[in-house]
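# Structural features, examined
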Amino acid sequence: MAHGALHRLRQDLFVDAFAFRPMPPLEDAKVSRWVPWLPERLRHWTRWLPHFAVGFFSLCVFLATLTSGSGTSSLRGILVTGFSGLVAAGPMLTLFRPVGAYWLSLSAFVVSVFAYAGFSSPFASIFVGSAFATHFSVMVLVVLRTRPRLAIEMWLVTFGLAAVLTALVGKDPSDLPPAAFFSGVVLLAAAAVRAWREERRQVVETRTVTAEERGRRTLLEERALIARELHDVVAHHMSVIAIQAEAAPYRVENTPPELATSFATIRENAVAALTELRRILGVVRSADPDAFAESDPEAPQPTLATLDSLLDSVRSAGLNVEAVITGAPRPLPQGVELSAYRIVQEGLSNALRHSPGADARVEISYVLGGLGLRIVNGRPSRLAKPSPGAGHGVLGMRERVQMLGGEMTADHTEDGGFEVAAFIPVGNAAGEAATGGQRA
């Protein structure tokens, strides 16, 4: 244990003692939270307030030490000025080299003790008091800047050396125990503050990492859900291709062998694609075997044509919702229909959870270049109950829109509500393909 303690003492106080470790300024978010009423330029300079405070303290120490030695001869005046600069340099150095500042301040204290023993003047005793008070302040600053255990190490080194110096100069050691006790209490308090700050920083980092991991996991789950839903859409079209390729030779008399072979190859490729789709879907579903526990896995995927049933269900849950459709409704690709339905469903679910008592409005716009969606709700009339969800519904909606090459915005409205607006591009070819698929 003693060997380990000495090793830690050597690593903390001797190895790279004068390494450059500048103190960073305060964070912008913290300054904005503390003094939001300050102009932006003043908030920028407020970030350096701790540096200014330490610099002002060093200047006060220099002036106080220099003033206490005024009225002496020219030679002593030079010595007093140099000693004042040495004492005042300790606090200032804590901003850049904290452990080195401790050794510099301790050196100033040792010089003051020998000066007091050599000159035995009132000025020398004032220098000892000023050097010790400054050294004590430096120890507190070093603890707040580095690590808690340095409080014990610096306390042991300082008062061990003070006891040796007191014995060497033959002075009364009666003042040493009270000073050691008071210093120990304050240093332990500073170490507790530093430990609390470190623990708080680690908690914030852990929460940030957890939130990022939760968002990443939610994104993967949403993509898996999209893959499961789009499987039915793609499988439908592949099944139609396989059936038509198999039936085509029987619709033409005296089918050429080359044409029959081509249709057979098309059918084989469609069946192989269906097999691969089912295999991939099995891998996706294996991570969530109960994905369809609350619904029929063989039920058709919802589209905008079944939007009325969704509106009826949310109205029965207590949400007053109005639906407005502009433009001429037309058949859209099944992936677009499914994603649009899910976006409206998630937007209304968020309104139910987070804005109880508010009215909602769903706008669906069929335009030339695609489909526009807008789900907006007003300000809640009562407090919302805590939701057990992960709070990443907007992330899932954005993922669906981006998958189809669209754009989406989601933000609070001026009256305290929430608005989700999305545009999903639909080309003419896609619309014709959807029409042709339904005719087939």
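Residues numbered from 1 in each chain as written. Predicted model: local features only at pLDDT ≥ 70, side-chain atom pairs only at ≥ 80, totals over all residues. Heavy atoms only, no water.

An unreviewed UniProt entry annotates the chain as histidine kinase of Streptomyces sioyaensis. Among the UniProt annotations of the chain, the heading Catalytic activity (unreviewed entry) holds the following wording: "ATP + protein L-histidine = ADP + protein N-phospho-L-histidine." (UniProt positions renumbered as here; feature names shortened; annotations may be inferred.)

A separate point is the overall build of the chain. The helix and strand inventory of the chain stands at 14 helices and 5 strands. Counting over 440 residues, the chain shows a buried share of 32%. If you take every contact in the chain between residues at least 6 apart in sequence, the share linking residues at least 24 apart comes to 72%. Working note: accessible area of the chain is about 26100 Å², and carbon and sulfur atoms make up 62% of it. (Helix = DSSP H or I, 4+ residues; strand = E, 2+ residues; numbered from the N terminus. Buried < 20%, exposed > 50% of the residue type's maximum accessible area, 1.4 Å probe, protein only. Contact = heavy atoms within 4.5 Å. Areas by Shrake-Rupley, 256 points an atom, 1.4 Å probe, with all protein chains shown as cover.)

Take the sheet that holds strand β5 (residues 418-425) next. Taken in spatial order, the 5 strands of this open sheet run β1-β2-β3-β5-β4, and their pairing is mixed. The open sheet is flanked by β1 (320-326) and β4 (407-412), the only strands paired with a single partner. Between one strand axis and the next, the sheet turns by 10° as a mean value, whatever way the strands run. Taken together, the 8 bridges between strand β3 (residues 370-377) and β5 define a ladder with antiparallel strand orientation. When the sheet's bridge partners are listed, N377 is paired in β5 with F418. Contacts from helix α12 (residues 334-354) reach β1, β2 (359-367), β3 and β5 within the one sheet, and its direction differs from that of β3 by about 10°. (Pairing = 2+ DSSP bridges. Axes fitted to C-alpha atoms, helices over the stretch in contact; angles between N-to-C directions.)

On to the environment of P329. Inspection of the secondary structure assignment puts P329 in the loop between β1 and α12. In this structure the C-alpha to C-alpha distance between P329 and S365, which are 36 residues apart in sequence, comes to 8.5 Å.

Nonpolar side chains collect at one region of the surface, where W45, W48, L49 and F52 lie side by side and expose about 440 Å² of accessible area between them. Take W48: it is sitting in the loop between α3 (40-46) and α4 (49-68). Classification of W48 as partly exposed rests on a relative accessible area of 30%. (Patch = residues over 30% accessible without salt bridge, like charges linked within 9 Å, V, L, I, M, F, W, Y side chains within 5 Å. Salt bridge = Lys/Arg side-chain N within 4 Å of Asp/Glu carboxyl O.)

Turning to the side chain of R194, a few remarks are in order. Mapping R194 onto the fold places it in helix α9 (residues 176-251). A polar contact of 2.8 Å, which involves the side chain of R194, links it to the side chain of E198. Excluding its chain neighbours within four sequence positions, the residues that come into contact with R194 are V143, L144, R145, T146, R147 and P148. (Polar contact = N/O pair within 3.5 Å; in protein donor to acceptor, adjacent residues only side chain to side chain.)

Moving on, we get to the packing of aromatic side chains. Per the counting criterion, the structure on display carries 7 aromatic pairs. Centroid distance F136 to F182: 5.9 Å. Interplanar angle 40°. Geometry classified as tilted. Pair noted here: F136 is in helix α7 (residues 122-145) and F182 is in helix α9, with a separation of 46 residues, a long-range link. For F136, a relative accessible area of 15% translates into the label buried. Ring pairing ties together the aromatic residues F109, F132, W155 and F159, which thus form one cluster. (Phe/Tyr/Trp six-rings, centres within 6.5 Å; stacked < 30°, edge-to-face > 60°.)

To continue, consider the side chain of S183. Mapped onto the secondary structure, S183 falls in helix α9. Under the relative-accessibility criterion, S183 is labelled buried at 1%. Of the polar contacts made by the side chain of S183, one reaches the backbone oxygen of A179; its length is 2.8 Å. Leave out the neighbours within four places in its chain, and S183 touches F132, F136, W155 and F159.

Attention shifts here to the pairing of β5. Pairing of β4 with β5 involves 6 bridges; the strand directions are antiparallel. Within β5, the position partnered with H412 by the bridge is F418. Two successive antiparallel strands, β4 and β5, enclose a turn made up of 5 residues, where G416 displays a positive phi of approximately 95°.

This part covers the packing of α12 against helix α13 (residues 393-403). Two elements in contact, α12 and α13, have axes whose closest approach is 10 Å; the angle formed by their N-to-C orientations is 160°. The angle between α12 and α13 falls in the class roughly antiparallel. Crossing angle aside, the handedness with which α12 passes α13 is left-handed. In contact with S339, R342, I343, E346, G347 and N350 of α12, α13 contributes G393, V394, M397, R400, V401 and M403. A class-by-class count of the residues in the contact of α12 with α13 yields 5 nonpolar, 4 polar and 3 charged. (Parallel < 35°, antiparallel > 145°, perpendicular 65-115°, else oblique. Left-handed = near helix turned anticlockwise from the far one by under 90°. Nonpolar A, V, L, I, M, F, W, Y, C, P; charged D, E, K, R; others polar.)

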